[in-house]
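If you want the building blocks of each chain, they are given just below.
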Amino acid sequence: ETGNPSAALTLFETACRDRRSVALTENVYLYTTAITAAASISDHERALELLGRMNRLGIKPNMKTMTALIGACLASGVPDLAFDIYRRISNPDGYAMLQGIRALCGCGNVKDAFEMVSSKKSRVLSGKQRMFAYKSMIESTLLRGDYDMARTVFSHILRKGKIPSKDIYESIFESLTLFPKTVGGLPPVVHLDEDSIAKFQFLLFVLDTVMARNLPCEGPLYSAILSYGSKLGSLPRKVASLLVSSRSPDTSRGMRMIDESQVTTSSIVSSWEELFVRYDELKDQLSADDSCLPLVAVRVNSRDVPKVLRAEKSLSYGKRKPRRQEV
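Residues numbered from 1 in each chain as written. Predicted model: local features only at pLDDT ≥ 70, side-chain atom pairs only at ≥ 80, totals over all residues. Heavy atoms only, no water.

Q: Hey, could you run me through the side chain of Ser 175 in this one?
A: The residue Ser 175 is located in helix 11 (residues 166-176) in this model. Classification of Ser 175 as buried rests on a relative accessible area of 9%. Setting aside residues no more than four positions away along its own chain, Ser 175 makes contact with Glu 139, Leu 142 and Leu 143. (Helix = DSSP H or I, 4+ residues; strand = E, 2+ residues; numbered from the N terminus. Buried < 20%, exposed > 50% of the residue type's maximum accessible area, 1.4 Å probe, protein only. Contact = heavy atoms within 4.5 Å.)

Q: Would you take a moment to explain helix 1 (residues 5-17) for this structure?
A: Residues lying three or four places apart along an α-helix face the same way, a consequence of the helix completing one turn every 3.6 residues. Taking 1.5 Å of rise per residue, the 13 residues of helix 1 would be expected to cover 18 Å, and the 19 Å separating its terminal C-alpha atoms lies within 8% of that figure. Those residues of helix 1 that are buried lie in contact with helix 2 (22-25), helix 3 (28-40) and helix 4 (44-57). (Expected span 1.5 Å × (residues − 1).)

Q: What is the right way to look at the side chain of Asp 208 in this model?
A: Within the element layout of this structure, Asp 208 appears in helix 12 (residues 194-212). Here Asp 208 sits buried without a salt bridge, and the closest side chain of opposite charge, Arg 151, lies 7.3 Å off (N-O distance). Only 2.9 Å separates the side chain of Asp 208 from the backbone nitrogen of Glu 273, close enough to count as a polar contact. (Lys, Arg positive; Asp, Glu negative; His and termini not counted. Salt bridge = Lys/Arg side-chain N within 4 Å of Asp/Glu carboxyl O. Polar contact = N/O pair within 3.5 Å; in protein donor to acceptor, adjacent residues only side chain to side chain.)

Q: It is not clear to me how the confidence of the model for the chain should be interpreted in this structure. Could you clarify?
A: If pLDDT is low for a region, its predicted coordinates should not be looked at in detail. Taken as a whole, the chain shows an average pLDDT of 86; of its residues, 87% reach a score of 70 or greater. Here strand 3 (residues 254-255) stands out as the element of the chain with the lowest mean pLDDT, 40, in contrast to helix 7 (residues 94-106), whose mean of 96 is the highest. Per-residue pLDDT stays below 50 along residues 251-265; that stretch engages in 26 contacts with residues further than four places along the chain or on separate chains. Counting interchain partners and residues more than four positions distant, the pLDDT-below-50 stretch residues 320-327 has 0 contacts. (pLDDT = per-residue confidence, 0-100.)

Q: Help me understand the packing of helix 8 (residues 110-118) against helix 9 (residues 127-143), please; the structure alone is not making it clear to me.
A: Think of two packed helices as two axes; the pair is described by the angle between the axes and how far apart they sit. Two numbers describe how helix 8 lies on helix 9: the axes approach to 10 Å, and their chain directions differ by 160°. Taken together, helix 8 and helix 9 sit at an angle that is classed as roughly antiparallel. The way helix 8 lies across helix 9 gives a crossing that is left-handed. Taken together, the residues of helix 9 that come into contact with helix 8 (itself represented by Val 110, Ala 113, Phe 114 and Val 117) are Arg 130, Ala 133, Tyr 134, Met 137, Ser 140 and Thr 141. (Axes fitted to C-alpha atoms, helices over the stretch in contact; angles between N-to-C directions. Parallel < 35°, antiparallel > 145°, perpendicular 65-115°, else oblique. Left-handed = near helix turned anticlockwise from the far one by under 90°.)

The following block contains the structure:
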């Protein structure tokens, strides 16, 4: 409770060595607290040693003890050991299952983690725990460049009637490393290569999936697509520019959703990712009329407005103005 796990462990060990207090320490609650403290300082070996002492003293670990031990292993970067401990829990509760899913993701085994979340046993997960599980799976897949599995997980979120949380979107942007930190005061160089194209397509897929469920595109996602497309240049920049022109009208309180009557029925593509893939085939038609693209409903909170405006400006800046016709 003091926020000092190292001091708590020192106090616990002192009590264990003192003949006057050692008997008071021999209970599952204090040992679990000590293992939790070891997890807080990423010391899984200490946590395992404490578990061994519990066993020798005949103190039976409970669910909280085992989940604290899993947490210690995860914090120490040994997810395989964390999952091995999880498998010893006969009837895991929601938090224990979430830890098991995190362990699988840490091992790169997102497929099994996804099956766990999709199973009937996952009913023990609360809504918040389930969303955290999705976040862990998406992070793991994107960090490993497994965009197909990331698509499967994201689609599953919406198919189950869930709305992706702000944390989900932030984890996508961070895992894709769209905007590396400035090094030495110089802006990072973003290369247009196969991986960057895959990242841009994944962002378009997220937009299309959200739109297919008649949900608005959140401001951070919209600005991320625009900013990343602008940095990549070439075709991603062109598609990002078209996205701006296809945004639904603004209101005084920001950007609003569109109703079905506003959606054009003459769209030449069914999704923005399709436009990206088929651009060369469609560019002549787009040059004649770019209003045949799907309208994009964007929802922007007041705190996101500056970022959205900057992203839109990055696409409009540098555009050549049409020449005036000489009389």
